[in-house]
Protein chains: 2
Amino acid sequence: VSTTTTINRRIVLASRPDGIPEPGHFRRDDQPLPQLQAGQLLVRNLYLSIDPAQRGWVNAGNNYSNPVAIGDVMRSLAVGVVEQSRNDNYRVGVHVYGWLGWQDYCVANADSIWLTVDPQNGPLTTALGVLGINGLTAFLALNEIGCPKPGETVVVSTAAGAVGSIVGQIARRDGCHVVGLTGSNAKAQRCVSDYGYQLALNYHDEQLSQRVKDACPRGVDVFFDNTSGSIADAVWPHLNSHARIVQCGTAAIANWLPPPVALRRDRDLLVKRLRHAGFVIFDHAAKFPETIATLGTWLREGTLKYRDDIEVGLDRAPHALAAIYRGENEGKKIIML
Amino acid sequence: VSTTTTINRRIVLASRPDGIPEPGHFRRDDQPLPQLQAGQLLVRNLYLSIDPAQRGWVNAGNNYSNPVAIGDVMRSLAVGVVEQSRNDNYRVGVHVYGWLGWQDYCVANADSIWLTVDPQNGPLTTALGVLGINGLTAFLALNEIGCPKPGETVVVSTAAGAVGSIVGQIARRDGCHVVGLTGSNAKAQRCVSDYGYQLALNYHDEQLSQRVKDACPRGVDVFFDNTSGSIADAVWPHLNSHARIVQCGTAAIANWLPPPVALRRDRDLLVKRLRHAGFVIFDHAAKFPETIATLGTWLREGTLKYRDDIEVGLDRAPHALAAIYRGENEGKKIIML
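Sequence order sets the numbering: in each chain, residues are counted from 1 along the sequence as written. Going through the entries in the order they are written, you letter the chains from A and number the ligands from 1. Where local features are concerned, this predicted model is filtered to residues with pLDDT of at least 70; where side-chain atom pairs are given and counted, the filter is 80 or more; whole-chain, interface and lining totals use all residues. Hydrogens and water molecules were not included; the side-chain quantities draw on all heavy atoms of the structure.

Novice: What is the right way to look at the state of the cysteines in this model?
Specialist: As used in these notes, a disulfide is a covalent bond between sulfur atoms, one from each of two cysteines. Residue and element names in this part refer to chain B. Any cysteine sulfur atom paired with another within 2.5 Å is treated as part of a disulfide. One pass over the full model with this rule turns up 0 disulfides over all chains. Of the cysteine sulfurs around Cys147, a residue in no disulfide, the closest is that of Cys176, at 11 Å. Judged by relative accessible area, Cys147 falls into the partly exposed class, the value being 31%. Free cysteine: Cys191, not disulfide-bonded; nearest cysteine sulfur from Cys216 at 14 Å. Throughout, exposure labels follow a simple rule: accessible area from a 1.4 Å probe, protein chains only, divided by the maximum for the residue type, with under 20% read as buried, over 50% as exposed, and the rest as partly exposed. The exposure class assigned to Cys191 is buried, which follows from its relative accessible area of 0%.

Structural data, given as structure tokens:
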């Protein structure tokens, strides 16, 4: 391509959502590609990663990074192929994974690239999910904060999701009793058949706390929480002394400005010596290569299962993002360009 | 003494309090001393330790140990002298610190003894506070959970108390900016003059959150929380990313059945990658001797300050306990027998 004449299709943030981003918060803003500067790459995007965390990247406050500016390309992880390079570390033709955005092409600086993709690990889409942000998050959050030991009980909320489906398999591999919480009976079945869970519960059950208690006869040692809210509140009473709670997401609460109220947990935390810690994957970049190597080995062995949910076309990205907050995806949501 | 004829004065739990124990919840129940069994010691109590944690030891639920039974001697740490011994590890005349109870004499099993007291460290009362549960808690909770680094900001609630007064000195020794929250202007002054704090605030200030913000211009990296409640809520908004919160007490909330409501913290915890953990000293017995050695060195050097608040007479113990929840003590509360 010639960077001076190619028009780059881009989806930009049109207005700032309170809470869930809907398609109306975005618009197309196609622009010619700029020239590459020294050190930069031109990457043609192939697959865009649709992630619950993207809500936080466009909300005004209470997050770990500056929000996407109005008029800027929507922040997104993606896999693409290097078409031009002015950086000796990336030759033309290699596939890369990183901050490439909702657009056809990204003029990327090297610090936007997370990893070079090894095509031997599997289809390119695996680099977005099971070998991307979701697999990395599952593995590192579970091991760095959860620290599961054989025989312990691990409970996971959004157990059939792109992260939870991997957490279940890793915890089962570690010799734990693994219980999943998910949004439908069909997903609960898949948790048990495919994702390592001994038991899975539909979190819409009105007796959820009692169901969790019944499913965890020895109590809960690790709670991998992607939801917060009433789903989490159903689990906390059953935590054992010295339990670890991984706060990896807060999907059950649409808006944190202002935060909702809940029962104060300080006394439980003290008397049970709980450890409750937040996890953000971007802190752990130094461990990405070794973690991908481990997960890639399991994937090639066939002992790590995943499911991709692929839609086609750049313009579907805003709809796909809104849909994942309604729980409509079946596995890792991906946009194929 | 002859164990068969000596009458042991004892204060037992008469009824179970909801929340704060008041003098009416206790009664005297003097009994003859039983004979020593093999392995046991007869300890004559010299000083009783009055501790905020004793509330939890008599409340019905939500605690880390079984509550004291109605009619049993009130659970208490104390220092005493061994008067008879059927245990080769403890000879007559040594001083010991441990679970000796609100009574003149304790027929103690070896597992009730925390430590043998080294009289060279200072007055015997130091074994209860600065070299006892309070010093151990301050040192181990700060270092095991708080992990302060030089230049970081440490905020302590109940900063002039038996634990907080030591936390301030250790954090200052570690090169931290140390800010105390305490219940009166006089105590705030003492925090600064004696206990290592650069700044101390009266937590009754109606603008407490703004005062904390002003006192911590670089934000809060470690929050050593002995209160929970609105005092803690004034600190949480000012926590930095990767801050650690030590939940060492919950003194600001009188009754946890049911727990009060508060703003849900899960989102803050996630986006700031906070680590919030409960601390109970009894988990850390293996580190008591080395910790006492360290604190004892500082004490003998004269670089570790403490204040004892001593009342005389067994029958004062229930009043003294109730008074510490009203913040009436000036330093470590002790009953001299």
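Okay, back to it.
Novice: Where do I start with the relation of the copies chain B and chain A in this structure?
Specialist: These two copies of the chain differ by a rotation about an axis and a displacement along the same axis. The atoms used to superpose the copies are C-alpha atoms, taken from residues with pLDDT of at least 70 in both, and the fit is least squares. Note on the copies: chain B fits chain A at an RMSD of 0.0 Å, the axial shift is 0.0 Å, and the rotation between them is 180°. In short, the pair behaves as if placed about a two-fold rotation axis. Interface overlap between copies is the fraction of interface residues in one copy that are interface residues in the other; for chain B against chain A it reaches 100%, indicating a shared surface. Contact between two residues is taken to exist if any of their heavy atoms lie within 4.5 Å; hydrogens are not considered.

Novice: Would you take a moment to explain helix H2 (residues 133–146) of chain B for this structure?
Specialist: In an α-helix, one turn spans 3.6 residues; hence positions three or four apart end up facing the same way. All names here are of chain B. The element H2 is largely enclosed, with a buried count of 12 among its 14 residues. Helix and strand assignments follow DSSP, with helices taken as H or I runs no shorter than four residues and strands as E runs no shorter than two, numbered in order from the N terminus. Every buried residue belonging to H2 is among Ile133, Asn134, Gly135, Leu136, Thr137, Ala138, Phe139, Leu140, Ala141, Leu142, Ile145 and Gly146, and all of these are buried. At the C-terminal side of H2, Cys147 shows a positive phi close to 45°.

Novice: Would you mind showing me how to read the interface of chain B and chain A here?
Specialist: Bring the parts together and some accessible area is lost; that lost area is often taken as the interface size. In this assembly, 38 residues from chain B lie in contact with 38 residues from chain A. Interface area for chain B against chain A, summed over the two sides, is near 3,400 Å², with a carbon-plus-sulfur share of 54%. The term buried area denotes the loss of accessible surface (1.4 Å probe radius) that occurs when two parts are joined, taken as the sum for both partners. Three residues stand out in chain B for area buried against chain A, namely Arg264, Arg267 and Arg273 of chain B, and they jointly supply 25% of the buried area on that side. Salt bridge, as applied in this entry: a Lys or Arg side-chain nitrogen positioned within 4 Å of an Asp or Glu carboxyl oxygen. Taken together, the links from chain B to chain A amount to 6 salt bridges. The partner of Asp266 of chain A in a salt bridge is Arg265 of chain B, and the shortest N-O contact between them spans 2.7 Å. Polar contacts, as counted here, are pairs of nitrogen or oxygen atoms within 3.5 Å of one another; within protein the pair requires one atom able to donate a hydrogen and one able to accept it, and residues that are adjacent in sequence qualify only if both atoms are side-chain atoms. Counting every contact that joins chain B to chain A gives 16 residue pairs in polar contact (both at pLDDT 80 or more).

Novice: Please clarify how the pairing of strand S10 (residues 153–157) of chain B should be interpreted in this entry.
Specialist: Regular strands have side chains that alternate between both faces of the sheet. Residue and element names in this part refer to chain B. Along S10, 5 of the 5 residues are buried, which leaves the element largely enclosed by surrounding structure. Because side chains alternate across S10, one face comprises the buried residues Thr153, Val155 and Ser157, and the other comprises Val154 and Val156, equally buried. When DSSP finds two or more bridges between a pair of strands, those strands are recorded as paired. Inspection of the sheet shows S10 paired to strand S11 (residues 177–182) by 5 bridges, in the parallel sense. Of the residues in S11, the one forming a bridge with Val155 is Val179.

Novice: For this particular structure, what's the right way to read the pairing of strand S6 (residues 77–85) of chain B?
Specialist: All names here are of chain B. As paired strands, strand S5 (residues 41–49) and S6 are joined by 7 bridges and run antiparallel to one another. The residue of S6 that forms the bridge with Arg44 is Val81. Here 5 bridges tie S6 to strand S7 (residues 95–99), and the two strands are oriented antiparallel to one another. Counted as the bridge partner of Val81 is His95 from S7.

Novice: Looking at this structure, how should I read the confidence of the model for chain A?
Specialist: Parts of the model with low pLDDT should not have their predicted coordinates read in detail. The predictor rates its confidence in each residue with pLDDT, a number between 0 and 100. On average, residues of chain A carry a pLDDT of 95, and 99% of them reach 70 or more. Both confidence scores are given for the complex: pTM 0.93, ipTM 0.92.

Novice: Please clarify how the packing of aromatic side chains should be interpreted in this entry.
Specialist: Aromatic rings considered in pairs are described by the distance between their centres and by the relative angle of their planes. The rule is short: rings of Phe, Tyr and Trp, with Trp giving its six-membered ring, pair when the centres are within 6.5 Å, and they are stacked under 30 degrees, edge-to-face over 60, tilted in between. Counted by the stated rule, this structure contains 18 aromatic pairs over all chains. Arranged with centres 5.4 Å apart and planes meeting at 55°, the rings of Trp99 of chain A and Phe282 of chain A form a pair that is tilted. Note that Trp99 of chain A is positioned in strand S7 (residues 95–99) and Phe282 of chain A in the loop between strand S16 (275–278) and helix H8 (288–301), a separation of 183 residues in sequence. Taking relative accessible area as the criterion, Trp99 of chain A reaches 25% and is therefore assigned partly exposed. Taking the relative accessible area as the measure of exposure, Phe282 of chain A reaches 27% and is therefore partly exposed. Judged by centre distance (6.3 Å) and plane angle (50°), the rings of Trp57 of chain B and Phe282 of chain B are tilted. With Trp57 of chain B in helix H1 (residues 54–58) and Phe282 of chain B in the loop between strand S16 (275–278) and helix H8 (288–301), the pair connects residues that are 225 residues apart, well separated along the chain. Joined through ring pairs, the aromatic side chains of Trp57, Tyr97, Trp99, Trp114, Phe282 and Phe288 of chain A make up one cluster. One cation-aromatic arrangement involves Arg265 of chain A over Trp236 of chain A; the distance from NZ or CZ to the ring centre is 4.0 Å. We call a charge positioned above a ring when the Lys NZ or Arg CZ atom is no farther than 6 Å from the ring centre and deviates by at most 35 degrees from the ring normal.

Novice: I'm lost on the sheet that holds strand S14 (residues 239–247) of chain A in this one. Help?
Specialist: The strand order S12(A)-S11(A)-S10(A)-S13(A)-S14(A)-S16(A)-S16(B)-S14(B)-S13(B)-S10(B)-S11(B)-S12(B) describes an open sheet built from 12 strands, whose pairing is mixed. Where the open sheet ends on each side, the last strands, each with one partner, are strand S12 (199–202) of chain A together with strand S12 (199–202) of chain B. Along the sheet, successive strands turn relative to each other by an average axial angle of 15°, direction set aside. Axis lines are fitted through C-alpha atoms, for helices just across the contact stretch, and the angle between N-to-C directions can take any value from 0 to 180 degrees.

Novice: Looking at this model, I keep getting lost on the pattern of salt bridges. Mind explaining?
Specialist: Opposite charge on two side chains permits pairing when their charged atoms draw close. All names here are of chain A. Scanning the entire structure with this criterion turns up 42 salt bridges over all chains. A salt bridge links Asp51 to Lys332, with the nearest nitrogen and oxygen atoms 2.6 Å apart. Here Asp51, found in the loop between strand S5 (41–49) and helix H1 (54–58), pairs with Lys332, found in strand S18 (residues 332–336); they are 281 residues apart in sequence, far enough to count as distant. For the pair formed by Asp51 and Lys332, the shared burial category is buried. Here Glu330 ties to Arg307 by a salt bridge, and the two come within 4.0 Å at their closest N and O atoms.

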